[in-house]
Amino acid sequence: MNAVYLDWIKRLAVFFLGISVGTSIGLFNACSAVLAIIASIFDKNRFCNLKNKLFNRTFLLFNMYIITILAECLFFKNDIGIKMILRYYDKIVTFFILYLFIGNCSRIFQYAFLGSALGFLCNDYIVFTQMLSGPSEFGNRYGGFFGNPNMMSSMFELAVPLFCFAMYKFRKDMVLLFIGVVSLVGVLWSLYMSGSRGATMAVVVEAVLFLLIHVYRTNKNTSLLKYVGIGIVAGILVIVATAVFFQRSYDSERILLWISSINMFIDHPIFGVGFSNWGKAYVSHYISPLAQEPRLNHPHNLYLILLSETGLVGFVSFFSFIIWQVKESLKYSEMHYRVNGPSINIGDMFIIMIVGALIHNMVEINMVLRDFMLMYFYIWGICCIEFKRNDKKSRLE
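**What about the overall build of the protein chain?**
Next up, step 1: Looking only at helices and strands, the protein chain features 15 helices and zero strands.
Next up, step 2: Here the C-alpha radius of gyration of the protein chain, 21 Å, is about what a compact globule of 397 residues would show, namely 21 Å.
Next up, step 3: By its C-alpha atoms, the protein chain is 65 × 50 × 45 Å across when sized along the principal axes.
Next up, step 4: Counting the 397 residues in the protein chain, one finds 54% classified as buried.

**Remarks on the pattern of salt bridges**
Next up, step 1: Overall, the coordinates contain five salt bridges when judged by the stated rule.
Next up, step 2: Note that Asp 7 is salt-bridged to Arg 11, the shortest N-O span being 3.1 Å. Of this pair, Asp 7 and Arg 11 both sit in helix H1 (residues 3-23), four residues apart, which is roughly one turn of the helix.
Next up, step 3: Under the relative-accessibility criterion, Arg 11 is labelled buried at 8%.
Next up, step 4: Linking Lys 10 and Asp 43 is a salt bridge whose minimum nitrogen-to-oxygen distance equals 2.7 Å. With a gap of 33 residues between them, Lys 10 in helix H1 and Asp 43 in the loop between helix H2 (26-42) and helix H3 (53-75) connect regions that are remote in the sequence.
Next up, step 5: Among the residues examined, Lys 10 registers a relative accessible area of 5% and is labelled buried.

**Remarks on the packing of aromatic side chains**
Next up, step 1: One pass over the full model with this rule turns up 38 aromatic pairs.
Next up, step 2: Relative to Phe 165, the ring of Phe 109 lies with its centre 5.2 Å away and its plane at 70°, an arrangement referred to as edge-to-face. With Phe 109 in helix H6 (residues 108-132) and Phe 165 in helix H7 (residues 149-169), the pair connects residues that are 56 residues apart, well separated along the chain. In this structure, Phe 109 and Phe 165 share a single accessibility class: buried.
Next up, step 3: A cation sits over an aromatic face here: Arg 11 above Trp 8, 4.7 Å from the ring centre.
Next up, step 4: It is Arg 171 that lies over the ring of Tyr 168; its NZ or CZ is 4.3 Å from the centre.

**Notes on the packing of H1 against helix H5 (residues 93-102)**
Next up, step 1: Running from N to C, H1 and H5 point in directions that differ by 175°, and their axes come no closer than 11 Å. As far as their axial angle goes, H5 and H1 are roughly antiparallel. Contacts from Lys 10, Ala 13, Val 14, Leu 17 and Val 21 in H1 reach Thr 94, Ile 97, Leu 98 and Ile 102 in H5.
Next up, step 2: Classifying every residue of the contact of H1 with H5 by side-chain character gives seven nonpolar, one polar and one charged.

**Here we look at the side chain of Asn 29**
Next up, step 1: On the secondary structure map, Asn 29 appears in helix H2.
Next up, step 2: Non-local contacts of Asn 29, meaning those with residues more than four positions away in its chain, are made with Leu 17, Ser 20, Val 93, Thr 94, Ile 97 and Leu 374.

**Focus: unusual backbone geometry**
Next up, step 1: At Ser 24, a position not held by glycine, the phi torsion is positive, near 60°.
Next up, step 2: With respect to the helices and strands, the residue Ser 24 is situated in the loop between H1 and H2.
Next up, step 3: Positive phi, normally seen in glycine, also occurs at Lys 77, with a value near 55°.
Next up, step 4: Taking relative accessible area as the criterion, Lys 77 reaches 72% and is therefore assigned exposed.

**Overview of the state of the cysteines**
Next up, step 1: Taken as a whole and judged by the stated rule, the model has zero disulfides.
Next up, step 2: No disulfide involves Cys 122; its sulfur sits 14 Å from the nearest other cysteine sulfur, which is in Cys 31.

**Description of a positive patch on the surface**
Next up, step 1: On the surface, a cluster of positive charge is contributed by Lys 53, Arg 57, Lys 327 and Lys 331.
Next up, step 2: Within the residue set of the positive patch, elements represented by two or more residues are H3 and helix H13 (302-340).
Next up, step 3: Within the secondary structure layout, Lys 331 lies in helix H13.

Reading the values: the criteria
- Residues numbered from 1 in each chain as written.
- Predicted model: local features only at pLDDT ≥ 70, side-chain atom pairs only at ≥ 80, totals over all residues.
- Heavy atoms only, no water.
- Helix = DSSP H or I, 4+ residues; strand = E, 2+ residues; numbered from the N terminus.
- Rg over C-alpha atoms; globule rule 2.2 N^0.38 Å.
- Buried < 20%, exposed > 50% of the residue type's maximum accessible area, 1.4 Å probe, protein only.
- Salt bridge = Lys/Arg side-chain N within 4 Å of Asp/Glu carboxyl O.
- Phe/Tyr/Trp six-rings, centres within 6.5 Å; stacked < 30°, edge-to-face > 60°.
- Lys NZ or Arg CZ within 6 Å of the ring centre and 35° of its normal.
- Axes fitted to C-alpha atoms, helices over the stretch in contact; angles between N-to-C directions.
- Parallel < 35°, antiparallel > 145°, perpendicular 65-115°, else oblique.
- Contact = heavy atoms within 4.5 Å.
- Nonpolar A, V, L, I, M, F, W, Y, C, P; charged D, E, K, R; others polar.
- Disulfide = S-S within 2.5 Å.
- Patch = residues over 30% accessible without salt bridge, like charges linked within 9 Å, V, L, I, M, F, W, Y side chains within 5 Å.
- Areas by Shrake-Rupley, 256 points an atom, 1.4 Å probe, with all protein chains shown as cover.
- Lys, Arg positive; Asp, Glu negative; His and termini not counted.
- Charge placed at Lys NZ, Arg CZ, Asp CG, Glu CD.

Written out as structure tokens, the structure is:
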């Protein structure tokens, strides 16, 4: 097949993946997979990412986490946990499509951005129609394609850095810049309609980080620690301000959930109470007499559910993967700075996403839910391809 046609098929596959993560519609995932497989059949360099250390280490570290939890479940005869942890492979199907079938693709970030922009604009429209229909089951909070307002809002802490970076990267292309502006305004409006305090908190911190990175890069003789310190202080202020000025009636219930989770961890520090067993353990042994909602399945805190369900073993395994991603993103970011000068790059973008997600997940567990993981690993796959391409370029220069 002609190389130009082959590249266009790959771009369409990336584009459909973007629509899929922006709408949570699996049909677009399927369309992308079909196109990617067709491209792979005609691609002479098929499966080239099997030689890419970033893709391979991603798969290795992800599998290490799965195997760690699976071993815990097998040892403690946790059949439900075995089923639930194996479903994690379904949550990274976007990464598999990029890893196995798409391989190299020119202008891949552009088409990932355009697909995601279209997907989220469609979601904005759904939010608008839901608003016109009156209050939802969550009151004046709406979830768009994602159903739950908190789930939808978690997608925006990935989408906002994506669109901000796209606007920065394509700032000289008026069409792409306009699409970026419209997409960003759309997700910010939908974020407001979701009523999510955690996601709003995350997006504000992400905006501050984007600005700090830009200022740091354009001011050569400045201390990195100074900007890190400013970022940490800004993050703490945003979190405290949110907790003080935007309280809700059920906040006290979440405190009780956190205390119960801490007690679970204290009693089972190494292996936890069992993967996917938090709700069962909570009701049977750890529920507070002051609790008003006994039938909850998680404590609204990622760190506490990892510690309480999987103990230190699962917690360390999970965050080893995140820390490695931050390390690789920083490594690429510094390389890009040395070669291309003081410009924000895709490594910076991904670090900002991770920080936003870690902040929001202080009050949610969306980071381990399907919709979030599909988009998170989609963007990470795009980053891996860009990292590889620019690493080769830097070596040539």
